[in-house]
Amino acid sequence: MNIVDALKGVDTMYIVWTVAIIAFGILEGVTAQLVSIWFVAGAIAALISVPLHAPQWLQFVIFFAVSVIVLIAVRPFIKKRIVPKQERTNADRCIGQDAVVCEEINNLLSTGQVKTDGKVWTARSSDDSIIPKDAVVTVEKIDGVKLIVKNKM
């Protein structure tokens, strides 16, 4: 018995939905980005409708409806649970630390350097004030390669 003879009595929609489930499942496995899992659910629902003698147009409506419903219902929940990895750097530990001004900080002239944690950084004042050399400042945040600081007075 060959494959053609074996498939003669099988409704072609069984094959269509089974292939769709497998194809969307493989696509989901390859991407791992929750791209096509919704379509797997829709294809399973459509496959279930085949033995219930649903017409083909209804099977496609079921496929799209279930896919959209699962997408709308599940994606926000999953997005909350999957938190992207945030790479922390050693520079983050400077935030909140004190630093000593090595070169006067003047935002208008784009000058200023501070030393903290044994390293010299370019610095800018958070409130646009001029901060003199040797003043002690607090690091508020990092903007690119510059520390944003405020006078510790």
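Attention here is on the structure that accompanies the text. A quick note: this is a predicted structure, and the numbers were derived from the prediction, not measured. (Residues numbered from 1 in each chain as written. Predicted model: local features only at pLDDT ≥ 70, side-chain atom pairs only at ≥ 80, totals over all residues. Heavy atoms only, no water.)

## Some details on the pairing of strand 3 (residues 119-125)
Alignment of strand 2 (residues 111-116) against strand 3, held across four bridges, turns out to be antiparallel. Residue pairing in the sheet places Gln 113 in a bridge with Thr 122 of strand 3. Linkage of strand 2 to strand 3, two consecutive antiparallel strands, is achieved through a turn of two residues, within which Asp 117 is found at a positive phi near 55°. In this structure, strand 3 lies alongside strand 5 (residues 146-151), joined through four bridges in parallel fashion. Each residue of the ladder has a partner; that of Thr 122, found in strand 5, is Lys 146. (Pairing = 2+ DSSP bridges. Helix = DSSP H or I, 4+ residues; strand = E, 2+ residues; numbered from the N terminus.)

## Some thoughts on the pattern of salt bridges
Across all of its chains, the model carries three salt bridges by this definition. In this structure, Asp 98 and Lys 152 form a salt bridge, with 2.5 Å as the shortest nitrogen-oxygen distance. A residue pair is termed long-range when its members are at least 10 positions apart, and Asp 98 in strand 1 (residues 98-106) and Lys 152 in the segment after strand 5 qualify at 54 residues. Exposure remark for Lys 152: the relative accessible area of 43% places this residue in the partly exposed category. (Salt bridge = Lys/Arg side-chain N within 4 Å of Asp/Glu carboxyl O. Buried < 20%, exposed > 50% of the residue type's maximum accessible area, 1.4 Å probe, protein only.)

## Here's the deal with the pairing of strand 4 (residues 136-143)
Where a strand is regular, its side chains alternate between the two sheet faces. Here strand 1 pairs with strand 4 via three bridges, running antiparallel. Bridged to Val 100 within strand 4 is Val 136. The pairing of strand 4 with strand 5 spans six bridges and is classified as antiparallel. Opposite Ile 142, over in strand 5, you have Leu 147 as the bridge partner. Between strand 4 and the antiparallel strand that follows it, strand 5, lie two residues; Gly 144 among them carries a positive phi value of about 70°.

## Here we look at the environment of Val 66
With respect to the element layout, Val 66 can be found in helix 4 (residues 56-81). For Val 66, a relative accessible area of 24% gives the class partly exposed. Placed 21 residues apart in sequence, Val 66 and Ala 45 show a C-alpha to C-alpha distance of 7.1 Å. What Val 66 contacts, discounting residues up to four positions off in sequence, is Ala 41, Gly 42 and Ala 45. (Contact = heavy atoms within 4.5 Å.)

Worth remembering: the numbers are spatial, not functional.
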